[in-house]
Amino acid sequence: MGAAGAEASGERSVAAGGAIGRVNTGDFVTQVERATLLPPEALRVGASGLVHLPERTRLFVGRERELALLDAGSGVQVICGLGGIGKSTLAARWAADRVADHTVVWWITAETPAELDAGLAELARAMQPSVVGVLPEDALRERALQWLATNEGWLLVLDNVSDPADLRPLLARAGSGRVLVTSRRATGWQDIGRAVALEVLDPGEAAELFRGVCEADDGLDALCEELGCLPLALKQAAAYCAEAGITPRTYAELLAAYPAEMFAATTEGGEAARTLARVWQVTLDRLGDTPLAVTLLRVIAWWAPEGIPRRLLEPLGTPLEITEAVRRLAAHSMITLRNGELAVHRLVQAVVRADLAEPTALARELAVALLYDGVSLDGAGVERQVAVHAEALAGHTPQAEDTDSAAMLFWLAGTFFGMDTAISRSRPLCERAVHSLRRVHGPDHPHTLGAVQSLALTMRMAEGEDASIDLLAGNLADRLRVQGPDDPDTLRARWFLAEAVQGRDPERAEALLTENIEHSRRLLGPSHPLTIQARYALLQTLTGQNPDVAELEALATEAEQAAPGDPLLETTIKRSLALALSAAGETERAFCVAEEVTEMSRRIGGGNDAHIFLSRLTSVHVLNQGAQEQRDRAQALAAELLDDCLRVLGECSLTQLVREELA
């Protein structure tokens, strides 16, 4: 029995009920400079409670859904999302609103296990100031864990946790209090607690957050869009504008001209570690053991932020390597996965592109090569995705640095948008391709001539035939000079010119098409698609809006039997046949042909392209010429078609035609 009721048992054991200086067990002597014994109840909370929260809640907007989810939860909850998206601000706001419900509300920066331990030790000190300087850190941490295990009604906020595994020792001993975690890790929480994924603000909330720091309004909506409504970026921009006395529009101009400097800029007294340039670099450093993940992120930084198909990335590694790279990026919230495709925040892309290191330039070249390879990929929608990403890449790179592959990519993308009647997207890409191909290959190269032809066709759709005639005529002259009169590309150039001059000079159009028929029959034979196409074009020229049904039926049959087959030519002729039948009053037969064409178009291109929409529009037009019951059906089909056109193509000439059928 020791002093003050302390007990010990066992050979050479020691018990002490107060301060002692020396202990002799017979084998050795231990000198104790100072010892203070703390009973279990030594750590206590005063009647007013104990609160430690950072001052992060003044600038707070929106998040009603997330706050409601946190209110409805219990135990351990995790707010996860991209760095800078506002996880800590949300956690601080929710915790501040719950102070009255808890005896202890304690915030711990827990990026590493050491920081977590230090935060628990600080909690013990706050509960019992007398232990300061008495107990070592590990003992303080242990006392805090004991208190959490034996008390309830407390709330711990663990901020910026890097690894779910770091929390398991704490959670294994925590009692019935609540734990709120913030983390960039999007996965790995299933055995710990419920995860609440945080998204960016909506545009109205983004503008409100900006105005909370800076009242300047000129160009604010555009800047919010440029910054992707990311809270950290908005705060950084607003503080900079307020301090520099500039408008959001000016800030956006500086950002476009000096991205690297602006992403790293801080205001006086600002936290350098909280700039966009630093926040995501921390995550990239953690991904350093998976180099392909960083390479993949550098590549997709040059593409559109959404709708990135995994198959475009296949050349970068084995299926397992690609899967692992994607998994790690998603786990650290650097990308999101939607319907089997990748998406990345546009500011993450911008920060990655702004890095002037050599890997950035290499990644840009790789981004071009992967898209160029992707042009020939099979599968519905892939070509559209390639075109969209090529368009984004063109917007991120200077024209003067276009390689042959980049120029070809922009030409193909521009041609695709032209076929989709998206002229506002087609023309800039075609113009750039013409300029770059002339610089790389000269004006007489077949690729240059092809890009010029695509540009002319785009101008024709945008401004009418007159705008394109000179360019098409020059292109035909160049092809005759460079490729000769018998080249298939020359035949196509003559056909395009004939189409353009048909309204102004039908005799010239007839002469051009007749010449084409003669060349095609002699060179390719009567059953070749180019010969049939020339005959179809001549029929359209000669008969105008009233083509002969029998002749169209004969051409449609020949197109079905053409060698080699040309499904697009076949559908084009049959669309004209459906319209001709409708004009002749044969509505039911016309509709059957139109539906057949729609199904053919779907087999050719999948479900979402201009050819399918044009075929569906033909069905709508045919039904609109029939009885009231058929017109009612046409209106329903047109409304559905308009939704699909707007979703896939956006505003274009085809959507305008659909609206006319709805009128």
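Residues numbered from 1 in each chain as written. Predicted model: local features only at pLDDT ≥ 70, side-chain atom pairs only at ≥ 80, totals over all residues. Heavy atoms only, no water.

**Thoughts on the confidence of the model for the protein**
And then number 1: Looking at the protein as a whole, the pLDDT averages 86, with 89% of positions reaching at least 70.
And then number 2: Per-residue pLDDT stays below 50 along residues 1-6; that stretch engages in 9 contacts with residues further than four places along the chain or on separate chains.
And then number 3: A low-confidence stretch, residues 26-37 stays under pLDDT 50, and its non-local contacts, those more than four residues away or across chains, total 19 contacts. (pLDDT = per-residue confidence, 0-100. Contact = heavy atoms within 4.5 Å.)

**Examining unusual backbone geometry**
And then number 1: A cis amide bond links Ala 563 with the next residue in sequence, Pro 564, at an omega value of 0 degrees.
And then number 2: You can see Pro 564 is positioned in the loop between helix H24 (549-560) and helix H25 (567-583).
And then number 3: Although it is not a glycine, Arg 63 sits at a positive phi angle of roughly 65 degrees.
And then number 4: Positionally, Arg 63 belongs in the loop between strand S3 (50-52) and helix H1 (64-72).
And then number 5: Positive phi outside glycine occurs at Asn 339, with the angle close to 55 degrees.
And then number 6: Locating Asn 339 in the fold gives a position in the loop between strand S10 (336-338) and strand S11 (341-343).
And then number 7: When its relative accessible area of 81% is taken as the criterion, Asn 339 is described as exposed. (Helix = DSSP H or I, 4+ residues; strand = E, 2+ residues; numbered from the N terminus. Buried < 20%, exposed > 50% of the residue type's maximum accessible area, 1.4 Å probe, protein only.)

**Section: H1**
And then number 1: Listed in full, the buried residues belonging to H1 are Glu 66, Leu 67 and Leu 70. Around the axis of H1, the buried residues are gathered within 100 degrees of arc, so they sit on the same side. The exposed residues of H1 that point more than 90 degrees off its buried face are Glu 64 and Ala 72.
And then number 2: In the core, the buried residues of H1 are packed alongside strand S4 (76-80), helix H2 (87-96), strand S7 (178-183) and strand S8 (194-197). (Arc of directions from axis to C-beta.)

**Observations regarding the pattern of salt bridges**
And then number 1: Summed over the entire model, instances satisfying the criterion amount to 38 salt bridges.
And then number 2: Among the ionic pairs, Arg 492 bridges to Asp 489, the shortest N-O distance being 3.3 Å. Here the residue Arg 492 and the residue Asp 489 both occupy positions in helix H21 (residues 488-501), the gap between them amounting to 3 residues, near one helical turn.
And then number 3: The class for Asp 489 is partly exposed, based on a relative accessible area of 29%.
And then number 4: In this structure, Lys 574 and Glu 560 form a salt bridge, with 2.6 Å as the shortest nitrogen-oxygen distance. Of this pair, Lys 574 sits in helix H25 while Glu 560 sits in helix H24, placing them 14 residues apart in sequence.
And then number 5: Overall, Glu 560 belongs to the partly exposed group, its relative accessible area being 45%.
And then number 6: When salt bridges that share partners are traced, they join Glu 560, Glu 570, Lys 574 and Glu 596 into one network. (Salt bridge = Lys/Arg side-chain N within 4 Å of Asp/Glu carboxyl O.)

**Details of the sheet that holds S3**
Two strands in a sheet stick together by hydrogen bonds in their backbones, pointing the same way (parallel) or opposite ways (antiparallel).
And then number 1: Pairing is parallel in the open sheet, where 6 strands are placed in the order S3-S5-S6-S7-S4-S8. Bordering the open sheet on either side are S3 and S8, each of which pairs with just one other strand. Recorded for the sheet is a direction-independent mean angle of 20 degrees between the axes of neighbouring strands.
And then number 2: In the sheet, S3 pairs with strand S5 (residues 104-109) via 3 bridges, with the strands oriented parallel. From the neighbouring strand, Leu 50 faces S5, where its bridge partner is Val 104.
And then number 3: The sheet strands contacting H1 are S4, S7 and S8, and the helix crosses S8 at an angle near 170 degrees. (Pairing = 2+ DSSP bridges. Axes fitted to C-alpha atoms, helices over the stretch in contact; angles between N-to-C directions.)

**Quick notes on the packing of helix H23 (residues 529-543) against H25**
Pairs of packed helices are described in terms of their axes, by the angle between the two and the distance that separates them.
And then number 1: Interaxial distance between H23 and H25 falls to 11 Å at its minimum, and their mutual angle equals 25 degrees. Between H23 and H25, the angle falls in the class roughly parallel. Helix-helix and strand crossings are classified by hand; for H23 and H25 the assignment is left-handed. Across from Pro 529, Ile 532, Gln 533, Tyr 536 and Gln 540 in H23, the residues of H25 making contact are Leu 569, Thr 572, Ile 573 and Ser 576.
And then number 2: For the contact of H23 with H25, the per-class residue count stands at 5 nonpolar, 4 polar and no charged. (Parallel < 35°, antiparallel > 145°, perpendicular 65-115°, else oblique. Left-handed = near helix turned anticlockwise from the far one by under 90°. Nonpolar A, V, L, I, M, F, W, Y, C, P; charged D, E, K, R; others polar.)

**Topic: a nonpolar patch on the surface**
And then number 1: A surface patch of nonpolar side chains, about 240 Å² in accessible area, is lined by Met 419, Leu 568 and Ile 604.
And then number 2: With respect to the helices and strands, the residue Leu 568 is situated in helix H25. (Patch = residues over 30% accessible without salt bridge, like charges linked within 9 Å, V, L, I, M, F, W, Y side chains within 5 Å. Areas by Shrake-Rupley, 256 points an atom, 1.4 Å probe, with all protein chains shown as cover.)

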